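Take a look at the letters that make up each chain.
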Amino acid sequence: TLPPGDEVLPEMPDSLAPPSSSETLLLRAESIDLDLPFTEAKRGAVEAFERRYLESLLRWSRGNVSQAARRAGMDRMHLHRLLQRHEIDREQFL
């Protein structure tokens, strides 16, 4: 039996399902600036990914860094350093 409030939903047809991670990456590849050298483009992509990932974690955890670190599978201090590097204030997610 399911916990109260949970329900079984019918499966979504493949045509309506969201793209897989690899499909999403391919879709985003179209917006890569090929005028940049590879290392510079990669650095920018990694920084953008880290920022989006960190902000998503903090939204999910409502600013709780310990909980966010556990969810990400990383040490809490490492998460703090990443937040500092990206100048992200956890308090804006409380």
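In this report, we go over the structure that sits alongside the text.

1. Details of helix H3 (residues 65-72)
- Residues of H3 that are buried: Val 65, Ala 68 and Ala 69. For H3, the angular spread of the buried residues around the axis is 100°, confining them to a single face. Turned more than 90 degrees off the buried face of H3, the exposed positions are Arg 70 and Arg 71.
- Structurally, H3 contributes buried residues whose contacts are with helix H2 (38-61) and helix H4 (76-85).
- Two to three positions downstream of the cap, the backbone nitrogen of Ser 66 sits 3.1 Å from a side-chain oxygen, assigning the N-cap of H3 to Asn 64.
- Directly beyond the C-terminal end of H3, a positive phi value near 70° is found at Gly 73.

2. Observations regarding unusual backbone geometry
- One non-glycine residue, Arg 62, lies in positive phi territory at about 55°.
- Along the polypeptide, Arg 62 turns up in the loop between H2 and H3.
- Classification of Arg 62 as exposed rests on a relative accessible area of 64%.
- At Glu 87, a position not held by glycine, the phi torsion is positive, near 55°.
- Tracing the chain through its elements places Glu 87 in the segment after H4.

3. Let's talk about the side chain of His 86
- Checked against the element boundaries, His 86 lands in the segment after H4.
- Owing to a relative accessible area of 9%, His 86 belongs among the buried residues under this scheme.
- His 86 has contacts with Glu 47, Glu 50, Arg 51 and Leu 54, leaving out every residue within four places of it along the chain.

4. Here's the deal with the pattern of salt bridges
- Within the structure shown, the criterion is met by two salt bridges.
- For Arg 85, the salt bridge is made with Glu 50, and the minimal N-O distance between the two is 3.4 Å. Here Glu 50 lies in helix H2 and Arg 85 lies in helix H4, a separation of 35 residues in the sequence.
- Accessibility expressed as a relative area gives 55% for Arg 85, which makes it exposed.
- The salt bridge involving Arg 51 is made with Glu 55; its shortest N-O contact spans 2.9 Å. One end of the pair is Arg 51 and the other is Glu 55, both in helix H2 and four residues apart, which spans about a single turn.
- Classification of Arg 51 as partly exposed rests on a relative accessible area of 31%.

Conventions adopted
- Residues numbered from 1 in each chain as written.
- Predicted model: local features only at pLDDT ≥ 70, side-chain atom pairs only at ≥ 80, totals over all residues.
- Heavy atoms only, no water.
- Buried < 20%, exposed > 50% of the residue type's maximum accessible area, 1.4 Å probe, protein only.
- Helix = DSSP H or I, 4+ residues; strand = E, 2+ residues; numbered from the N terminus.
- Arc of directions from axis to C-beta.
- Contact = heavy atoms within 4.5 Å.
- Polar contact = N/O pair within 3.5 Å; in protein donor to acceptor, adjacent residues only side chain to side chain.
- Salt bridge = Lys/Arg side-chain N within 4 Å of Asp/Glu carboxyl O.

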